[in-house]
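# Fold and geometry: a report
Here are the chains, one letter per residue:
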Amino acid sequence: MMITELIDQQDFLARLKAWGLTPPERLADCSPLLTDALAGPDGDVWRERLEALLAQRALLHPEVLALVEESLKQE
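In this report, we go over the structure that sits alongside the text. (Residues numbered from 1 in each chain as written. Predicted model: local features only at pLDDT ≥ 70, side-chain atom pairs only at ≥ 80, totals over all residues. Heavy atoms only, no water.)

### Points about the nonpolar core
Phe-12, Leu-16, Leu-50, Leu-53 and Val-68 are the most contacted members of the largest nonpolar core, which has 20 residues in total. The set of elements that each furnish at least two residues to this core consists of helix H1 (9-18), helix H2 (31-39), helix H3 (43-54) and helix H4 (62-74). A per-element tally of this core places H4 first, with 5 residues. Beyond its immediate stretch of four places on either side in the chain, Leu-53 contacts Ile-7, Phe-12, Arg-15, Trp-19, Leu-60 and Val-68. (Core = buried A, V, L, I, M, F, W, Y, C linked by side-chain atoms within 4.5 Å. Buried < 20%, exposed > 50% of the residue type's maximum accessible area, 1.4 Å probe, protein only. Helix = DSSP H or I, 4+ residues; strand = E, 2+ residues; numbered from the N terminus. Contact = heavy atoms within 4.5 Å.)

### Here's the deal with the packing of H3 against H4
Relative orientation of the contacting elements H3 and H4 amounts to 140 degrees, with a least axis distance of 10 Å. With respect to H4, the axis of H3 lies oblique. You can see that H3 and H4 cross each other, and the crossing is left-handed. Here H3 contributes Arg-47, Leu-50, Glu-51, Leu-53 and Leu-54 to the contact with H4, which in turn contributes Leu-65, Val-68, Glu-69, Ser-71 and Leu-72. Across the contact of H3 with H4, the residue classes tally to 6 nonpolar, 1 polar and 3 charged. (Axes fitted to C-alpha atoms, helices over the stretch in contact; angles between N-to-C directions. Parallel < 35°, antiparallel > 145°, perpendicular 65-115°, else oblique. Left-handed = near helix turned anticlockwise from the far one by under 90°. Nonpolar A, V, L, I, M, F, W, Y, C, P; charged D, E, K, R; others polar.)

### Concerning the packing of aromatic side chains
All told, the structure shown has 1 aromatic pair when counted by the stated rule. Geometrically, the ring pair formed by Trp-19 and Trp-46 is edge-to-face, given 5.6 Å between the ring centres and 80 degrees between the ring planes. Separated by 27 residues along the polypeptide, Trp-19 in the loop between H1 and H2 and Trp-46 in helix H3 bring together distant segments of the chain. Lying over the aromatic face of Trp-46, Arg-49 brings its terminal NZ or CZ to 4.7 Å of the ring centre. (Phe/Tyr/Trp six-rings, centres within 6.5 Å; stacked < 30°, edge-to-face > 60°. Lys NZ or Arg CZ within 6 Å of the ring centre and 35° of its normal.)

Any functional reading would require information that these geometric values do not contain.
Right, dumping it as structure tokens:
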């Protein structure tokens with residue numbers, strides 16, 4: 001099986017929207033949004049979601065990977 005599709009910035013923003021957030025237009029502006037989500041009442045759910053993305057590390061665009069890792073470190 002050959003990996004042809006990375007989870008890029010637009011895919012990640014679409015996932016945030018599917019998960020009920022209104023993402024900013026740029027990936028670079030997502031840090032505060034994720035920080036708030038992780039600190040909120042559904043923080044455990046958000047941690048699980050982000051950790052599930054990290055489990056797909058090989059499929060993540062490097063900028064998405066960096067954002068997810070940084071968000072989980074800040075918590």
